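Residues per chain, in single letters:
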Amino acid sequence: MQQWLKAGVVEDGRFAPTEEGAPQGGVISPLLMNVALHGMETAAGVRYYDTGTNAGKTVPSCPVVVRYADDLLALCHSRAQAEQVKARLAEWLAPRGLVFNQDKTRITHLEAGVDFLGFSIHRYANGKLLTKPSNDAVRRIRRRLSAEAKALRGANADAVISKLNPIIRGWSAYYRIGVSKRVFNALDAQVWRLVYKWARLTHPNKSTRWVIARYFGKFNPARQDGWVFGSQETGFYLRKFAWTPIVRHRMVAGTASPDDPSLTDYWTQRRRRSNPPMDTTTLRLLRAQHGRCPLCRGLLLHADREPQSPHEWKQWLTATRKAVRRHAVTAWGAGTPDERVATRLIHAHCHRRPNGNGKDPQHLPAREPPGLA
């Protein structure tokens, strides 16, 4: 990694040396922070059982530290312990040239709630602990949806759908691990108001009945919902936040790190146990094909790690939609009365690869998986 940091950068055909530092927000930043902050748990006084049935679990009465890059959350049993952990970490960070951001660092009780990585962690009076999308995160997505809908005035329905769908998919995929169903429904109500307002402004001289009949209906054949926004010309439709099922987060075992090469099998099995946010038909085909393209036998989905933010989920889902297509493939008996056609997922570039005649007679016209639209 040290060699990589000093290798220089080529941009617009020009070489620029990198004598120090890394780009702000670069992909290497989380790894650099993991290297620089390795050992923080030990410095905070976190201890784990090494053997026995409790191996990997924290020892009672000791604090628990959760960190992603430079965001840190320390869970303590008392305010005195929290003050002690803060002092220990401040002393540990000083030789590394790092200090706490005092504006963002505070000690609070879980009953008052705390925000971390876009989630609000709150313990209620009945003892129940819930993790929900934070109010700040909800306000940000509301403002973004409103801004995008306003910018799309004058565009057609397909442009509205293609712009909002990736945002909805990415945000709901990230927050599906929390108690988010009520927030999803509230956001769906806002999106409906936004697209309805867009439709009325697009056709100011048409009646409400005409606008609803043109842009709302049962566009999603998998759901009996007559209020789905869609395009009559193409059949494309705007998905809803609430269509993303809630999937509870699975705790990571002990000190397991994705950067540890000896735990590659553990993280691979962990990813296999959690389904990506796609429709049931696409997931069924992925399982039936063991995640591989029937033409090149390569993996259909590539993810060394799960996306860690709504923006990363949006990028991953968009890239997957472009790379994977659903096709009707002739399974057997081609050209005979016994001909059968089976649906398979294949790479988009594999479908574009012609045979000797410049055509591919084994495949019928492509369909984009609805779970990836």
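Residues numbered from 1 in each chain as written. Predicted model: local features only at pLDDT ≥ 70, side-chain atom pairs only at ≥ 80, totals over all residues. Heavy atoms only, no water.

Engineer: What exactly am I supposed to notice about the pattern of salt bridges here?
Structural biologist: Where charged atoms of side chains with opposite charge meet at close range, the side chains can pair. Applying the stated criterion across every chain yields a total of four salt bridges. Of the charged contacts in the structure, one is a salt bridge between Arg 144 and Glu 148, with a shortest N-O distance of 4.0 Å. With a gap of four residues between them, Arg 144 and Glu 148 both fall in helix α5 (residues 135–151), about one helical turn apart. Taking the relative accessible area as the measure of exposure, Arg 144 reaches 34% and is therefore partly exposed. You can call Glu 148 buried: its relative accessible area is 17%. (Salt bridge = Lys/Arg side-chain N within 4 Å of Asp/Glu carboxyl O. Helix = DSSP H or I, 4+ residues; strand = E, 2+ residues; numbered from the N terminus. Buried < 20%, exposed > 50% of the residue type's maximum accessible area, 1.4 Å probe, protein only.)

Engineer: Just to check I follow, could you spell out a nonpolar patch on the surface for this structure?
Structural biologist: Together, Met 1, Leu 31 and Val 35 make up a nonpolar patch on the protein surface, roughly 250 Å² of accessible area in all. Mapped onto the elements, Val 35 comes out in helix α2 (residues 29–36). (Patch = residues over 30% accessible without salt bridge, like charges linked within 9 Å, V, L, I, M, F, W, Y side chains within 5 Å. Areas by Shrake-Rupley, 256 points an atom, 1.4 Å probe, with all protein chains shown as cover.)

Engineer: Sorry if this is basic, but what is going on with the nonpolar core here?
Structural biologist: Across soluble globular proteins, nonpolar side chains show a tendency to be buried alongside one another. Within the largest apolar cluster, 31 residues are counted, with the highest numbers of intra-cluster contacts made by Leu 145, Trp 171, Val 195, Tyr 215, Phe 229, Leu 238 and Phe 241. When residues of this core are traced back to their parent elements, those giving at least two are α5, α6 (157–175), α7 (181–202) and α8 (208–215). Listed in part, the ten residues of the second largest apolar core include Val 65, Leu 89, Trp 92 and Leu 93. (Core = buried A, V, L, I, M, F, W, Y, C linked by side-chain atoms within 4.5 Å.)

Engineer: Quick question: what am I supposed to make of the side chain of Asp 188 here?
Structural biologist: Note that Asp 188 resides in helix α7. Among buried charged residues, Asp 188 stands out as having no salt bridge; its nearest opposite-charge side chain is Lys 240, 6.1 Å away. Aside from chain neighbours lying at most four places away, what touches Asp 188 is Lys 240, Phe 241 and Ala 242. (Lys, Arg positive; Asp, Glu negative; His and termini not counted. Contact = heavy atoms within 4.5 Å.)

Engineer: Looking at this structure, how should I read the environment of Asp 70?
Structural biologist: Following the sequence through the fold, Asp 70 ends up in the loop between β3 (64–68) and β4 (71–75). Take Asp 70: its relative accessible area is 55%, and that puts it in the exposed class.

Engineer: Sorry, what's going on with the confidence of the model for the protein chain here?
Structural biologist: Caution applies to low-pLDDT parts of the model: their predicted coordinates are not meant to be read in detail. Model confidence for the protein chain is summarised by a mean pLDDT of 80, while 78% of its residues fall at 70 or above. Contacts from residues 329–339, a stretch scored under 50 in pLDDT, to residues over four places away or in other chains number 17 contacts. Counting contacts from residues 356–373, a segment whose pLDDT is below 50, to residues more than four positions away or on other chains yields 49 contacts. (pLDDT = per-residue confidence, 0-100.)

Engineer: Even after reading the chapter, I still don't get the pairing of strand β7 (residues 129–133), so can you show me in this structure?
Structural biologist: One face of the sheet, then the other: side chains in a regular strand alternate in exactly this way. Relative to β7, strand β6 (residues 119–123) is paired through five bridges, and the arrangement is antiparallel. Looking at β7, one finds that Phe 119 is bridged to Pro 133. Between β6 and β7, which pair antiparallel and follow one another directly, the connecting turn spans five residues, one of which, Gly 127, has a positive phi of 90°. (Pairing = 2+ DSSP bridges.)

Engineer: Would you take a moment to explain the packing of α5 against α6 for this structure?
Structural biologist: Helix-helix packing: each pair is described by the crossing angle between the helix axes and the interaxial distance. Running from amino to carboxyl end, α5 crosses α6 at an angle of 170°, the nearest separation of the two axes being 11 Å. Considering the angle they form, α5 stands roughly antiparallel to α6. Where α5 approaches α6, its residues Ala 137, Val 138, Ile 141, Arg 144, Leu 145 and Glu 148 are matched on the opposing element by Lys 163, Leu 164, Ile 167, Trp 171 and Tyr 175. Residues that form the contact of α5 with α6 fall into these classes: eight nonpolar, no polar and three charged. (Axes fitted to C-alpha atoms, helices over the stretch in contact; angles between N-to-C directions. Parallel < 35°, antiparallel > 145°, perpendicular 65-115°, else oblique. Nonpolar A, V, L, I, M, F, W, Y, C, P; charged D, E, K, R; others polar.)

Engineer: Whenever I open this one, the environment of Phe 100 confuses me. Can you help?
Structural biologist: Residue position: Phe 100 is located in the loop between α4 (79–93) and β5 (114–116). For the pair Phe 100 and Asp 70, spaced 30 residues apart in the sequence, the C-alpha separation amounts to 9.9 Å. If near-sequence neighbours (up to four positions away) are discounted, Phe 100 is found in contact with Leu 72, Lys 86, Leu 89, Ala 90, Leu 93 and Thr 105.

Engineer: When you look at the packing of α6 against α7 in this model, what are you seeing that I'm missing?
Structural biologist: Direction vectors running N to C along α6 and α7 enclose 170°, while the axes themselves pass 13 Å from each other. Taken together, the axis directions place α6 and α7 in an arrangement best described as roughly antiparallel. Along the contact surface, α6 presents Ala 157, Val 160, Leu 164, Trp 171, Ser 172 and Tyr 175, while α7 presents Val 183, Phe 184, Leu 187, Val 195 and Trp 198.

Engineer: What should I look at first to understand the sheet that holds β6 in this one?
Structural biologist: Strand pairing within a sheet occurs via backbone hydrogen bonds; the two strands may be parallel or antiparallel. Here three strands make up an open sheet; going across it, the order is β5-β6-β7 and the pairing antiparallel. Where the open sheet ends on each side, the last strands, each with one partner, are β5 and β7. Between one strand axis and the next, the sheet turns through 30° on average, direction left out of account. Pairing of β5 with β6 involves three bridges; the strand directions are antiparallel. Residue pairing in the sheet places Val 114 in a bridge with Ile 121 of β6.

Engineer: What is the right way to read α6 from this model?
Structural biologist: Helical periodicity: at 3.6 residues per turn, an α-helix aligns residues three or four positions apart in one direction. Given a rise of 1.5 Å per residue, 19 residues ought to cover 27 Å, and the 27 Å separating the end C-alpha atoms of α6 matches this to within 8%. Residue Leu 164 marks the point of greatest curvature in α6, where the axis turns by about 25°; the proline Pro 166 follows within four residues. For α6, the buried fraction is high: 15 of the 19 residues fall into the buried class. (Expected span 1.5 Å × (residues − 1). Bend = angle between axes of the 7 residues up to and from the residue.)

Engineer: For this particular structure, what's the right way to read the pairing of β3?
Structural biologist: With five bridges connecting them, β3 and β4 associate as antiparallel partners. Residue pairing for β4: Val 65 is matched across the bridge by Ala 74. Hairpin connection between β3 and β4: a loop of two residues separates the two successive antiparallel strands, and Ala 69 in this loop has a positive phi of roughly 55°.

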